[in-house]
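The chain contents come next:
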Amino acid sequence: MSSPEQWTHPEPREGPAATAAAPTSEQVIAGLRATSEGGPELVQLLTPEGERVENPEFDRYVADVTADDLRSLYRDMVLVRRADREGNALQRQGQLGIWVPLLGQEAAQVGAGRALRDTDMVFPSYREHGVAWCRGISPKDILGIFRGTDHGSWDSTAKRFHPYTIVIGNQVLNAAGYAMGQRFEGKVGDADGEATMVFFGDGATSQGDVHEGFVWAAVYDAPLVFFCQNNQWAISEPTERQSRLPLYQRARGYGFPGVRVDGNDVLASLAVSRWALDECRHGNGPVLIEAFTYRMDAHTTTDDPTRYRHSDELEAWKLKDPIERVRVNLVRHGHADQDFFDSVQAEADELAADLRDFCFSMPQPPTSQIFDHVYAEASPVLDAQRDAFLAYHADFAGGEH
Amino acid sequence: MAAPVINKSTPASSVQSLTLGKALNLGLRTAMEADPKVIVMGEDVGKLGGVFRITDGLQKDFGEHRVLDTPLAESGIIGTAVGLAVRGFRPVCEIQFDGFIFPGFDQIVSQVAKLHMRTQGRVKVPLVIRVPFGGGIGAVEHHSESPESYFAHTAGLKVVACSNAVDAYWMIQQAIQCDDPVLFFEPKRYYHSGFMKAEIDTEATPEPLFASRVVRQGSTATLVAYGPSVKVALDAATAAEEDGHSLEVIDLRALSPLDLAPVFESVRRTGRLVVVSEAPSEASLTSEIAARVQQECFYSLEAPVLRVTGFDTPYPPAKLEEEFLPDLDRVLDAVDRSLAW
Ligand SMILES: Cc1ncc(C[n+]2csc(CCOP(=O)(O)OP(=O)(O)O)c2C)c(N)n1
Ligand SMILES: [Mg+2]
C-alpha cells in the first residue's frame, strides 16, 4: 500500500487514508531520501562516478560549458573547500570563536553562485561561503564574523550579496521584498532581466518567515529563486522533523515550480540554477530549488554530531563527494592532467596560508565601534552615552584605578 | 507502546553538588517525574539534550512524547505550547538562544500573556519559556542578548531570572508549578562553570519564587542585580571591602512582578543604589527600578540611583563584549560616583 514514496495521505479516492496516514518513521525517512540514489525526481548531470548523464530538460542550460569551464568549477570547489578547512583549523587553534563549515555543500553553492550575474542579488544564510566566493568576496571578508570583530566586511550593495543572516528564515522575506522591488522597477521581462536568489536550509523551511516569503513572492510574481540546501540536518534534527513531503514539492502548494537537484553535482546545480534564474528574468518567478546534499561536518565547531547521527551515513555520503566526481570526469575525458590538479592544490594552499596570515594580523576593533552606525541620523542621547563611556575608558586605561 | 522506564534520579543522600546547568536538568527531571503533564519542547532538546545539554537524558528517560524535538520555528513552539496548555499540559519550552525568541514574540504577547484575562480566568496558560540569556560567551550575533524587559513590560507574563545553581534547581520547578506563564531566564555563561557548583539539598524548603533576596549584607551602598550580573555585583562587593566600603547586594530573582520591598528597605539604610544589568538601559527594567526607588525612598537617597548596564546599541561583535558588559570596574566606578555625590 504505502511505498517509500507514498507515506503521507494519499490523494483523495486513492485509498484508505487511515493506514497510509500513519507512516513509520522508517517510511518517512525512506520517502524523504528516496531520490538520494538518483530517482526520477532528482536532477543529476554528473553521477557520483563522474559519468555525464543526459537530461533532456536541463542539458541545454549547460550546453555551453567547455572543458575550461568545468576545470574552473573544479577549481572553485577546491579553493572554497580549502578556505573552509582553514576556517575550521583557525577555530580549533583559538583564532576564531566559531566556524560554520560548508564541507560537502561546495557543488550546490558553486553551481548556484556561478549561475548568477553581477546584476542579480543574493541573500545568504550563514553557511554560504561558497556563494560568497563566486560573488568575488574574499574569505577574509567573512572571517570577522567568526572572529568577533564585525558582522562581515564586504560591501553588500556593491557585491549584491546581503549580509549573512543568522536568525533562521528572516532573509527569505527580505529577499522576497527585494525581488518585488526588481519587478516594480520593471527590471524583469526578458533574457536581460534581473533576479534574486535566497539561500536557506532544510530546517528553515519550518519557519513562518519562509512560508510568508513563498506567499509574497508568489502573489507578486517576484523574480526570486528560493535555493534550499537540504543537507539532511538542522543541527541534531533530521529533515523528517520538518516535513512529511520532499521539500521541493511544497512549491506546488504555493503555485510555483519546485525542482530537486543533486546538490553534490556542480553541473546540475549550475543548470537548474540557470533555468530558475532564467524563468525569473522573464517574469515567470518565483521558483524553488531543493539542493539535495549533506552536511559532512558538524553544524558548527561547537557541535558534536556523534551524539545524534551514525557515522555510516557520513561514509555513504563520502562516496558522493562533489569534487571527486568532477575530477574523475576531467581525467576520464583527458580534460585535465596531473599538472592541473597540482596547480589547483598549490593555489589552494596559498589561499589558506594567506587567509591564515590575515587572521593572525586582524586588529582588535576600537571600543568606539560599539556605538558606530546604530542610526543613520545622529542620536544625541547615544552620542552622549558614547562620549561618557569613551572618556571613562580612556581614563581607566591611563590611570591606576 | 510500553511506558518508558523512568530512571529514578533520587540519590542516596538528598544533597548533591551540581553546576547551574545540571541543577536545571535535575529540576526539570524532578518536575517531570512529579507530574506526567509536564512536557519539554524545543529545538534539539531531545536526542542532543539541547545545545547547552540542559535537557540531557530527558528524552531517553521520558520518551519522545514528553520531550519533543520540534520543527524549527519559535512561533510554532510557543503557539502549540499554548494549545497544549489549554488541553491540560504544562509545557516547558526551550528557546535555543535569547536572540531567537522574537519569531515567537507575537504568540507570547498576543496569546500567552492575554488568554487568562480574555477568558475571565477560565483558561490558564501554565507554560514556562526557558531562555538562555546574556553575553560573555564569545558568540556571533543574536546569541548574547538580554531581552527580558520586553516581557516584563507585557502584562500577563511573569518573568524570573536565576543567578545560581540552588535557585536554578528550585525556581524551574516553581515556575512549572505556577499557573501563570513564566519567562524563565538562565545565565548561559555560567551553565557549566565549576565555580558555580553548589550543594543542593533536594529536601530543603525553597523560598517563594517571586521574591528577591539579599545575598550579601552591607551598609555603604546597595547593589541590585539579577541573572549573570549578580556575580558581577558580588565580586564588586568583595573588591570594595578592601577600600572599606560595605556593599549590600540584592538578587532580584523575580523581574515581573518585581519584589522591591527588600530594595526599599536596603536603600533606606544605605541611601545609595546602583542597579546592574547587561540589558540596554533605555526604557528597561533598570529604569523601572530607578523610578520606583526614587518614588519610595526619595527622602533617604543621598545620591541619584545610578545604573551600570549594556549600552543602548545592538550587542557588539564578541571582541567588544568585554567593554559592553558591566564589569567589576564599572560597578565600582558607579559606587564611587554615588559616594562622591
Ligand atoms: C530563529 C532561530 N532559531 C534558532 C536558531 C538556532 N539555529 C541555528 S542553525 C539552526 C539549524 C538550521 O538548520 P537548517 O535550516 O537546516 O540549516 P543548516 O544549518 O543545516 O545549514 C538552528 C536551530 C537560529 N539561528 N535562529
Ligand atoms: Mg540543514
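Residues numbered from 1 in each chain as written. Chains lettered and ligands numbered in written order. Predicted model: local features only at pLDDT ≥ 70, side-chain atom pairs only at ≥ 80, totals over all residues. Heavy atoms only, no water.

An unreviewed UniProt entry annotates chain B as Pyruvate dehydrogenase E1 component beta subunit of Actinokineospora auranticolor.

Chain A carries the name Pyruvate dehydrogenase E1 component alpha subunit in an unreviewed UniProt entry, which gives Actinokineospora auranticolor as its organism. Under Cofactor (unreviewed entry), UniProt gives the following word-for-word description of chain A: "thiamine diphosphate". (UniProt positions renumbered as here; feature names shortened; annotations may be inferred.)

A. Molecular detail of the UniProt feature "domain: Dehydrogenase E1 component" (unreviewed entry) in chain A. UniProt feature "domain: Dehydrogenase E1 component" (unreviewed entry): in the numbering of this structure it lies at residues 75-350 of chain A. Here residues 75-350 of chain A is 44% helix and 11% strand, with 13 Å between the C-alpha atoms at its ends. (Helix = DSSP H or I, 4+ residues; strand = E, 2+ residues; numbered from the N terminus.)

B. Region of the structure containing the interface of chain A and chain B. With 40 residues of chain A at the contact, the number on the chain B side is 38 residues. Joining chain A to chain B, the criterion identifies 1 salt bridge. Across the pair arginine 307 of chain A and aspartate 56 of chain B runs a salt bridge whose closest N-O atoms are separated by 2.9 Å. For the interface between chain A and chain B, the tally reads 13 residue pairs in polar contact (both at pLDDT 80 or more). Listing elements by their share of the side of chain A that touches chain B, those giving two or more residues are helix 6 (140-147) and helix 14 (380-398) of chain A. With 6 residues, the top contributor of residues to the side of chain A that touches chain B is helix 14 of chain A. The class makeup of the residues in the side of chain A that touches chain B is 19 nonpolar, 15 polar and 6 charged. (Contact = heavy atoms within 4.5 Å. Salt bridge = Lys/Arg side-chain N within 4 Å of Asp/Glu carboxyl O. Polar contact = N/O pair within 3.5 Å; in protein donor to acceptor, adjacent residues only side chain to side chain. Nonpolar A, V, L, I, M, F, W, Y, C, P; charged D, E, K, R; others polar.)

C. Focus on the coordination of the magnesium ion (ligand 2). Residues and elements named next belong to chain A. Here the magnesium ion (ligand 2) is held by Asp202 (OD), Asn231 (OD1) and Trp233 (O), and the distances to it run 2.1 to 2.2 Å. All donor residues of the magnesium ion (ligand 2) come from one chain, and their arrangement in sequence is D-x28-N-x1-W. Residue aspartate 202 is located in the loop between strand 3 (196-201) and helix 8 (208-219), and its partner tryptophan 233 is located in strand 5 (residues 233-234); the two are separated by 31 residues in the primary sequence. Comparing aspartate 202 with tryptophan 233, the two get one shared label, buried. (Donors = N, O, S within 2.8 Å, 3.2 Å for Na, K, Ca; no water. Buried < 20%, exposed > 50% of the residue type's maximum accessible area, 1.4 Å probe, protein only.)

D. Representation of helix 13 (residues 338-360) of chain A within the structure. Residue and element names in this part refer to chain A. Between the first and last C-alpha of helix 13 there are 33 Å, a value that for 23 residues agrees with the 33 Å anticipated at 1.5 Å per step. Considered for burial, the residues of helix 13 that qualify are Phe340, Phe341, Val344, Ala348, Leu351, Ala352, Leu355 and Cys359. On its buried face, helix 13 sits against helix 3 (67-92), helix 5 (129-134), helix 6 and helix 12 (322-332). (Expected span 1.5 Å × (residues − 1).)

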